[in-house]
Amino acid sequence: MGAKYIKMTRYYMRKPKLHFILLLLLLSVLSSSVGAGTLGDLTYKIAEGQVAITRCNRQATGELVIPNKIEGLPVTSIGSYAFTRCDSLTSITIPDSVTSIGDYPFDGCSSLTSITIPNSVTSIGVSAFEGCGSLTSITIPEGVISIGDGAFRECTSLTSITIPEGVTSIGDRAFYWCISLTSITIPEAFHSKAEAIRLIIRRLWPDGFFLPSSVTRTPELSIRLPLQLILTGAQNAEAVIEVTESLNQPWAEWRTVVIGEDSWIKIDLDEGTERRFYRVRE
């Protein structure tokens with residue numbers, strides 16, 4: 001009886017040691033796929049062989065270039081709140097390895113005047129550039145298909161923005177309080193008063209959109225424009241500009257123009273533009 005008791009005791013004494021060994025093996029596997037660290041002003045994490053930028057030192061100043069690789073692994077995402085309140089950064093360059101930008105990544109970057117977004121990016125999160133009051137212009141790359149709610153909220157110095165045709169989703173109130181915005185290139189799917197109101201482009205509606213290619217027929221398109229209309233299209237192609245005083249009245253031909261050698265032409269509109277609607281047809 002005593003011998004049996006001793007044998008069982010030894011077995012159970014050995015069992016915790018086995019668990020400890022298994023735990024060490026598990027931690028070894030996890031450490032090879034998950035990690036974190038810092039590089040200069042940047043904090044990052046590693047998961048599944050990819051790097052995400054998670055934080056930036058709020059004392060960082062001037063220009064910041066995010067590397068395309070850290071620890072030999074590609075930087076593929078800018079995490080939510082990564083650069084929030086980094087209010088002394090003036091320029092941020094995102095590498096072409098990045099495919100997604102999270103929510104509120106540049107919120108409150110009030111000194112930011114320039115940001116480079118690569119074509120590899122496919123999505124931009126909620127309030128991505130909220131409070132970037134020094135940013136005057138931004139070009140969204142062709143690869144982007146979705147832009148989150150309030151993406152440009154309170155970018156009060158933003159005067160122009162280009163959104164490519166590939167964008168199929170723009171969140172509500174994307175342009176809230178963009179009081180300096182005077183020109184916008186935006187996919188035709190958003191060319192309506194209802195969309196302008198949803199996106200809070202009230203200062204631009206009915207003051208203006210830049211049309212994309214004006215040589216393509218746009219019978220349903222009716223947009224008031226600023227005092228200068230910029231048309232793009234094939235060199236030497238003709239475009240007819242029509243006008244109406246009200247959407248309830250018929251359209252009338254205003255001018256026929258020829259696209260210039262540089263594939264664009266700028267046209268000065270006549271007095272009373274703010275009370276008229278224009279469209280372009282072949």
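Notes on the structure follow. Bear in mind the structure is a predicted one, so any value in this text is a computation, not a measurement.

1. Overview of the packing of aromatic side chains
Right, so step 1: In this structure the tally under the stated criterion is five aromatic pairs.
Right, so step 2: With a centroid separation of 5.5 Å and 25 degrees between ring planes, the pair formed by phenylalanine 83 and phenylalanine 106 is classed as stacked. Taken together, the residues phenylalanine 83 in the loop between strand 6 (73–78) and strand 7 (89–93) and phenylalanine 106 in the loop between strand 8 (100–101) and strand 9 (114–116) connect sequence positions 23 residues apart.
Right, so step 3: Look at phenylalanine 83 and you get buried, because its relative accessible area is 0%.
Right, so step 4: Take phenylalanine 106: its relative accessible area is 0%, and that puts it in the buried class.
Right, so step 5: When the centroid spacing of 5.5 Å and the interplanar angle of 10 degrees are considered together, the rings of phenylalanine 106 and phenylalanine 129 count as stacked. Here phenylalanine 106, found in the loop between strand 8 and strand 9, pairs with phenylalanine 129, found in the loop between strand 10 (123–124) and strand 11 (137–139); they are 23 residues apart in sequence, far enough to count as distant. Of the two residues, phenylalanine 106 and phenylalanine 129, neither departs from the other in class, the shared state being buried.
Right, so step 6: Arginine 255 extends its terminal NZ or CZ atom over the ring of tryptophan 254, reaching a point 5.4 Å from the ring centre.

2. Comments concerning the environment of serine 111
Right, so step 1: For serine 111, the position within the fold is in the loop between strand 8 and strand 9.
Right, so step 2: Separated by 23 residues in the primary sequence, serine 111 and serine 134 place their C-alpha atoms 5.5 Å from one another.
Right, so step 3: Setting aside chain neighbours within four positions, we find serine 111 in contact with Asp87, Ser88, Leu89, Thr90 and Ser134.
Right, so step 4: One polar contact links the side chain of serine 111 to the main-chain carbonyl oxygen of aspartate 87, over a distance of 2.6 Å.

3. So, the state of the cysteines
Simply put, the disulfide is a covalent bond whose two ends are the sulfur atoms of two cysteines.
Right, so step 1: For the coordinates displayed, the defined rule picks out zero disulfides.
Right, so step 2: Distance from the sulfur of cysteine 56, which forms no disulfide, to the nearest cysteine sulfur (cysteine 86) is 4.0 Å.
Right, so step 3: Here cysteine 178 is not disulfide-linked; the sulfur of cysteine 155 is the nearest cysteine sulfur, at 5.5 Å.

4. Points about the sheet that holds strand 9
Right, so step 1: The strand order across the open sheet built from three strands is 4-7-9, with neighbouring strands paired in parallel fashion. Only two strands of the sheet have a single neighbouring strand rather than two, namely strand 4 (62–65) and strand 9. Across the sheet, the axes of successive neighbouring strands diverge by a mean angle of 15 degrees, strand direction being ignored.
Right, so step 2: Across four bridges, strand 4 lies against strand 7 in parallel orientation. The partner of glutamate 63 across the bridge, within strand 7, is serine 91.

5. So, unusual backbone geometry
Right, so step 1: In this model, glutamate 71 sits at a positive phi of 55 degrees, which is unusual for a non-glycine residue.
Right, so step 2: Tracing the chain through its elements places glutamate 71 in the loop between strand 5 (69–70) and strand 6.
Right, so step 3: We classify glutamate 71 as exposed; its relative accessible area is 55%.
Right, so step 4: A positive phi angle, close to 55 degrees, is found at tyrosine 104, a residue other than glycine.
Right, so step 5: In this structure, tyrosine 104 sits in the loop between strand 8 and strand 9.

6. Comments concerning the pattern of salt bridges
Right, so step 1: In the structure shown here, the tally under the stated rule is four salt bridges.
Right, so step 2: Measuring nitrogen to oxygen at the nearest pair gives 2.8 Å for the salt bridge that ties glutamate 195 to arginine 198. With a gap of three residues between them, glutamate 195 and arginine 198 both fall in helix 2 (residues 193–198), about one helical turn apart.
Right, so step 3: You can call glutamate 195 buried: its relative accessible area is 18%.
Right, so step 4: Overlapping salt bridges, with partners in common, bring together Glu130, Arg153 and Glu154 in one network.

7. What about the sheet that holds strand 13 (residues 160–162)?
Right, so step 1: The sheet built from three strands is open, its strands ordered 11-13-15 with parallel pairing. At either end of the open sheet lies a strand with only one pairing partner, and these are strand 11 and strand 15 (183–185). Averaged over all neighbouring strand pairs, the angle between strand axes comes to 5 degrees, with direction disregarded.
Right, so step 2: Of the strand pairs in this sheet, strand 11 and strand 13 are connected by three bridges, and their pairing is parallel. Paired with serine 137 across the bridge in strand 13 is serine 160.

8. Some details on the nonpolar core
The nonpolar side chains of a soluble globular protein tend to be buried with one another.
Right, so step 1: Ranked by size, the top nonpolar core spans 53 residues in total, and within it Phe83, Phe106, Phe129, Phe152 and Phe175 carry the most contacts.
Right, so step 2: Secondary structure elements with two or more residues in this core: strand 2 (42–47), strand 3 (50–56), strand 6 and strand 7.
Right, so step 3: In this structure phenylalanine 152 touches Phe129, Ile138, Ile140, Ile147, Leu158, Ile161, Ala174, Phe175, Tyr176 and Cys178, once residues within four positions along its chain are discounted.
Right, so step 4: Leu231, Ala239, Val243 and Val257 belong to the second-largest nonpolar core, a separate cluster that totals 11 residues.

Rules used in this analysis
Residues numbered from 1 in each chain as written. Predicted model: local features only at pLDDT ≥ 70, side-chain atom pairs only at ≥ 80, totals over all residues. Heavy atoms only, no water. Phe/Tyr/Trp six-rings, centres within 6.5 Å; stacked < 30°, edge-to-face > 60°. Helix = DSSP H or I, 4+ residues; strand = E, 2+ residues; numbered from the N terminus. Buried < 20%, exposed > 50% of the residue type's maximum accessible area, 1.4 Å probe, protein only. Lys NZ or Arg CZ within 6 Å of the ring centre and 35° of its normal. Contact = heavy atoms within 4.5 Å. Polar contact = N/O pair within 3.5 Å; in protein donor to acceptor, adjacent residues only side chain to side chain. Disulfide = S-S within 2.5 Å. Pairing = 2+ DSSP bridges. Axes fitted to C-alpha atoms, helices over the stretch in contact; angles between N-to-C directions. Salt bridge = Lys/Arg side-chain N within 4 Å of Asp/Glu carboxyl O. Core = buried A, V, L, I, M, F, W, Y, C linked by side-chain atoms within 4.5 Å.

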